[in-house]
Amino acid sequence: FGTGTGLEGGVNAVQGGVCFDLSRMDAITELSLEDFSVVVEPGVTRKALNNYLRDTGLWFPVDPGADASLCGMAATGASGTNAVRYGTMRPNVLNLRVVLPDGRLLHTAGPGRQARKRAAGYDLTSLFVGSEGTLGFLTQATLRLHPLPEATAVTIATFPSVRDAVSCTVQVLQAAVPIARIEFLDEVMAGACSRYSGMGTGGPGARAVCLGLLWVRAPPQGSWSLAEDMVQLNGGRGLAWAQEPEERRRLWAMRHSAWYAALALRPGCQGYSTDVCVPISRLPDVVVETQRDLQDCGLTGPMVGHVGDGNFHCILVFDAQDSAEAQRVHAFTERLGR
């Protein structure tokens, strides 16, 4: 793997006389509607790909929040809001072109291959997904596409406690309600997002929010009724289904602004995001225990998460110049990891 100065000041990867100018690798090189696959170079981002696919009836659903590059998402094994239905990057990458450290070029599933089944030989594609650059440099990715849902709707439900909100999530999953996203905000994050976006997230007494049940099968009305029953059994309220694209975008924009909303709680302070994933059966206890730990050590740490797959983030907002507070943050994250 050689490096040098590219035509546009970028870095080149050289193999057998072939020069990859990494400053210009932003092309979608092949789209196969029949095979539900697309080939992208490292500079193509998630939003750029879905904009390109807009009129095809297909989309790429892995959404880590930011408009990340797709090869970067493969290298880090990205997850996101749609993981509960569509999975993480690992099952959605079919092939990778990799420059190895010694300069050799490797196609992990073979040149031009985009089959979904990988039963013969080593599963090298899955080995490189999530390797974070330690095994090679990704210069092309073949991705699995999915049909756009026939009908979608988003709702917000408020709950009297964190445990009620997370328990409802577990029950909705156990009932096999056809969802793509279940996002959770604790009361601190719900209030922060509400103020930051100028939207209300619940009436008096609402302490936690389960935000965004996105239905993907048509007709979805039967699923709505089942979900509403479970919300009510857990003390939830405030369901109002949003089906129009503009209203759905408005609700999800509030969720996607969570990082900035958290920082706005303490202007001038630093943010540090943790990332925890546990078995779904343990999720209610872990979330409640984490919240109790935050209160005991006096830290600002609003929580938000893709609880549909057992994943949540505690965003710690602290004064980096305060050594005592920084030490409490360090001790808290050590406990959270354990």
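Structure shown above.
Everything quoted here is computed from the prediction, not taken from an experiment.

### Let's talk about the overall build of the chain
Then, number 1: Helix and strand content of the chain: 11 helices and 16 strands.
Then, number 2: Within the chain, buried positions represent 49% of all 338 residues.
Then, number 3: A fraction of 68% describes how many contacts in the chain between residues 6 or more apart in sequence connect residues 24 or more apart.

### Side note on helix α5 (residues 162-174)
Then, number 1: Between its first and last C-alpha, α5 extends 19 Å over 13 residues, near the 18 Å set by a 1.5 Å rise per residue.
Then, number 2: Along α5, the residues that are buried comprise V162, A165, V166, S167, C168, T169, V170 and V172.
Then, number 3: Trailing α5 by a residue or two, A176 shows a phi angle of about 60 degrees, which is positive.

### What about the packing of helix α10 (residues 283-296) against helix α11 (residues 323-337)?
Then, number 1: At a minimum axis separation of 11 Å, α10 and α11 run at an interaxial angle of 165 degrees. Accordingly, the angle class assigned to the pair α10 and α11 is roughly antiparallel. Of the two elements, α10 crosses α11, and the hand of that crossing is right-handed. Taking contact as the criterion, the partners of T290, D293 and L294 in α10 are, on α11, F332, R335 and L336.
Then, number 2: Considering only residue class, the contact of α10 with α11 consists of three nonpolar, one polar and two charged.

### A closer look at the nonpolar core
Then, number 1: One finds V287, F312 and F332 to be the most contacted residues of the largest nonpolar core, which totals 31 residues.
Then, number 2: Only β10 (156-159), α5, α7 (221-233), α10, β16 (311-318) and α11 provide two or more residues apiece to this core.
Then, number 3: Residues contacting F312, with those up to four places away along its chain left out, are T274, D275, V276, L283, V286, V287, T290, M303, V304, G305 and L336.
Then, number 4: Within the second largest apolar cluster, 25 residues are counted, among which are V38, L49, M73 and V98.

### Topic: helix α8 (residues 245-256)
Then, number 1: With 12 residues, α8 should cover 16 Å at 1.5 Å per step; its first-to-last C-alpha distance of 16 Å lies within 8% of that length.
Then, number 2: Of all the residues in α8, the buried ones are L251, W252, M254 and R255. Looking down the long axis of α8, one finds its buried residues gathered within 145 degrees of arc, a one-sided arrangement. Among the exposed residues of α8, those oriented more than 90 degrees off its buried face are E246 and R249.

### Considering a nonpolar patch on the surface
Then, number 1: A contiguous nonpolar surface patch, about 330 Å² in accessible area, is contributed by Y196, W259 and Y260.
Then, number 2: Within the secondary structure, W259 sits in helix α9 (residues 258-263).
Then, number 3: According to the relative accessible area criterion, W259 is partly exposed, its value standing at 32%.

### Regarding the sheet that holds strand β3 (residues 28-32)
Then, number 1: Overall, antiparallel pairing links the five strands, which are arranged β3-β4-β8-β6-β7 in an open sheet. Unpaired on one side and paired on the other, β3 and β7 (105-107) mark the two borders of the sheet. The average undirected angle you get between the axes of adjacent strands in this sheet is 10 degrees.
Then, number 2: Judged from the six bridges that link them, strand β6 (residues 93-99) and strand β8 (residues 137-144) form a sheet pairing that is antiparallel. When the sheet's bridge partners are listed, V93 is paired in β8 with L143.

### With respect to the pattern of salt bridges
Then, number 1: As enumerated under the stated definition, the model contains nine salt bridges in all.
Then, number 2: Residue E183 pairs with R255 through a salt bridge whose shortest N-O separation is 2.7 Å. Of this pair, E183 sits in strand β11 (residues 183-185) while R255 sits in helix α8, and the two are 72 residues apart along the sequence.
Then, number 3: Residue E183 is classed as buried on the basis of its relative accessible area, which comes to 0%.
Then, number 4: Classification of R255 as buried rests on a relative accessible area of 8%.
Then, number 5: One salt bridge connects D293 with R335, and the closest N-O pair in it is separated by 2.9 Å. Taken together, the residues span a long stretch of sequence, with D293 in helix α10 and R335 in helix α11 at a distance of 42 residues.
Then, number 6: Its relative accessible area of 18% is what places D293 among the buried residues.

The rules we used
- Residues numbered from 1 in each chain as written.
- Predicted model: local features only at pLDDT ≥ 70, side-chain atom pairs only at ≥ 80, totals over all residues.
- Heavy atoms only, no water.
- Helix = DSSP H or I, 4+ residues; strand = E, 2+ residues; numbered from the N terminus.
- Buried < 20%, exposed > 50% of the residue type's maximum accessible area, 1.4 Å probe, protein only.
- Contact = heavy atoms within 4.5 Å.
- Expected span 1.5 Å × (residues − 1).
- Axes fitted to C-alpha atoms, helices over the stretch in contact; angles between N-to-C directions.
- Parallel < 35°, antiparallel > 145°, perpendicular 65-115°, else oblique.
- Left-handed = near helix turned anticlockwise from the far one by under 90°.
- Nonpolar A, V, L, I, M, F, W, Y, C, P; charged D, E, K, R; others polar.
- Core = buried A, V, L, I, M, F, W, Y, C linked by side-chain atoms within 4.5 Å.
- Arc of directions from axis to C-beta.
- Patch = residues over 30% accessible without salt bridge, like charges linked within 9 Å, V, L, I, M, F, W, Y side chains within 5 Å.
- Areas by Shrake-Rupley, 256 points an atom, 1.4 Å probe, with all protein chains shown as cover.
- Salt bridge = Lys/Arg side-chain N within 4 Å of Asp/Glu carboxyl O.
- Pairing = 2+ DSSP bridges.

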